[in-house]
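Here is what each chain is made of, one letter per residue.
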Amino acid sequence: MNLIVAADNNWAIGNEGKLLTSIPGDMRFFRQMTMGNVVVMGRKTLESFPNQRPLKDRTNIVLTTRRNYHPEGAVVVHNLDELKEELKKYKDKDIFVIGGGKIYEELLALCDTAYVTRIDEEYRADTWFPNLDADPDWELTQCSEEQTYYDIIYYFLTYRRRNR
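Quick caveat: nothing in here was measured; it's all calculated off a predicted structure.

K.L.:
An account of the overall build of the protein is needed here, citing residue identities and associated values.
P.N.:
Assigned secondary structure in the protein consists of four helices and 12 strands. The C-alpha radius of gyration of the protein comes to 15 Å, within 12% of the 15 Å expected for a compact globule of 164 residues. Structurally, the protein occupies a C-alpha span of about 45 × 40 × 30 Å along its principal axes. Taking all 164 residues of the protein together, the buried fraction comes to 47%. Taking the contacts inside the protein whose residues are at least 6 apart along the sequence as the reference set, 62% of them involve residues at least 24 apart. Total accessible area on the protein is roughly 9,400 Å²; 45% of this is exposed by carbon and sulfur atoms. Taking the average location of the 22 positive side-chain charges in the protein and that of its 26 negative ones, the two points are 7 Å from each other.

Now the structure itself:
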């Protein structure tokens, strides 16, 4: 299973329910990687999308404890056991965890590959992603050339879980 995230130099990923910044190149990369695949997210992530609608041309799976939550166009599961059962229907390489913070934390152990857009900034934030550079289970295996969007510098990084 994969995850995909944009994080700043401190591994911050969000503030007040929003992304730290919007970079068109990162959005294109996200679309390219997830289109036609399965995206796993929490309720708050789905509710942060335009019109609180699932992403087009992807299977959207929402993990939430709210039993009465039934967004149109999404599969809803209520705990990790239900999620694992639902994910058996798909190939691991086709599944992308897309947030938010709590979902990343809960599902990181199930992931083998992490696609990280590293933004060379330090933003004000209230949500962070685990620091993969400090985690001995993960290694950086790929780093893109420097990318820029106005004065923002960023890189596309790939981390792989060691010895699995």
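K.L.:
Hey, could you go over the environment of valine 39 for me, with residue numbers and the actual values?
P.N.:
By secondary structure assignment, the location of valine 39 is in strand β4 (residues 38–42). Considering only alpha carbons, one finds valine 39 and threonine 59, 20 residues apart in sequence, at a separation of 6.1 Å. In this structure valine 39 touches Thr34, Leu55, Arg58, Thr59, Asn60, Ile61, Phe96 and Ile98, once residues within four positions along its chain are discounted.

K.L.:
Break down the nonpolar core for me, with residues and values.
P.N.:
The biggest cluster of nonpolar side chains holds 27 residues, and the ones touching the most others in it are Leu3, Val40, Val97, Val116, Phe129 and Leu132. Formed by 22 residues, the second largest nonpolar core is a distinct cluster that contains Ala6, Ile152, Tyr154 and Phe156.

K.L.:
Run through the sheet that holds strand β2 (residues 12–15), naming residues and quoting values.
P.N.:
With respect to topology, three strands assemble into an open sheet ordered β3-β2-β9, the strand pairing being antiparallel. Looking at strand neighbours, the two that pair on one side only are β3 (18–19) and β9 (127–128), the edges of this open sheet. Alignment of β2 against β9, held across two bridges, turns out to be antiparallel. The residue bridging glycine 14 from the neighbouring strand is threonine 127, located in β9.

K.L.:
Let's hear about the pattern of salt bridges: which residues, and what values?
P.N.:
Counted by the stated rule, this structure contains seven salt bridges. Between arginine 118 and aspartate 133 there is a salt bridge; the shortest N-O distance is 3.6 Å. Of this pair, arginine 118 sits in strand β8 (residues 113–119) while aspartate 133 sits in the loop between β9 and β10 (138–143), and the two are 15 residues apart along the sequence. For aspartate 133, a relative accessible area of 49% translates into the label partly exposed. Among the ionic pairs, arginine 162 bridges to glutamate 139, the shortest N-O distance being 3.7 Å.

K.L.:
If you had to explain the packing of aromatic side chains to someone new, which residues and values would you point to?
P.N.:
For the structure on display, the rule yields eight aromatic pairs. For the ring pair phenylalanine 29 and tyrosine 115, a centre distance of 6.4 Å and an interplane angle of 65 degrees mean the geometry is edge-to-face. With phenylalanine 29 in helix α1 (residues 24–34) and tyrosine 115 in strand β8, this residue pair connects regions lying 86 residues apart in the sequence. Using a relative accessible area of 15% as the deciding quantity, one classes phenylalanine 29 as buried. Its relative accessible area of 14% is what places tyrosine 115 among the buried residues. One aromatic cluster in this structure is built from Phe29, Phe96, Tyr115, Tyr154 and Phe156. Over the face of the ring belonging to tryptophan 11 we find arginine 118, whose NZ or CZ atom lies 4.2 Å from the ring centre.

Calculation criteria
- Residues numbered from 1 in each chain as written.
- Predicted model: local features only at pLDDT ≥ 70, side-chain atom pairs only at ≥ 80, totals over all residues.
- Heavy atoms only, no water.
- Helix = DSSP H or I, 4+ residues; strand = E, 2+ residues; numbered from the N terminus.
- Rg over C-alpha atoms; globule rule 2.2 N^0.38 Å.
- Buried < 20%, exposed > 50% of the residue type's maximum accessible area, 1.4 Å probe, protein only.
- Contact = heavy atoms within 4.5 Å.
- Areas by Shrake-Rupley, 256 points an atom, 1.4 Å probe, with all protein chains shown as cover.
- Lys, Arg positive; Asp, Glu negative; His and termini not counted.
- Charge placed at Lys NZ, Arg CZ, Asp CG, Glu CD.
- Core = buried A, V, L, I, M, F, W, Y, C linked by side-chain atoms within 4.5 Å.
- Pairing = 2+ DSSP bridges.
- Salt bridge = Lys/Arg side-chain N within 4 Å of Asp/Glu carboxyl O.
- Phe/Tyr/Trp six-rings, centres within 6.5 Å; stacked < 30°, edge-to-face > 60°.
- Lys NZ or Arg CZ within 6 Å of the ring centre and 35° of its normal.

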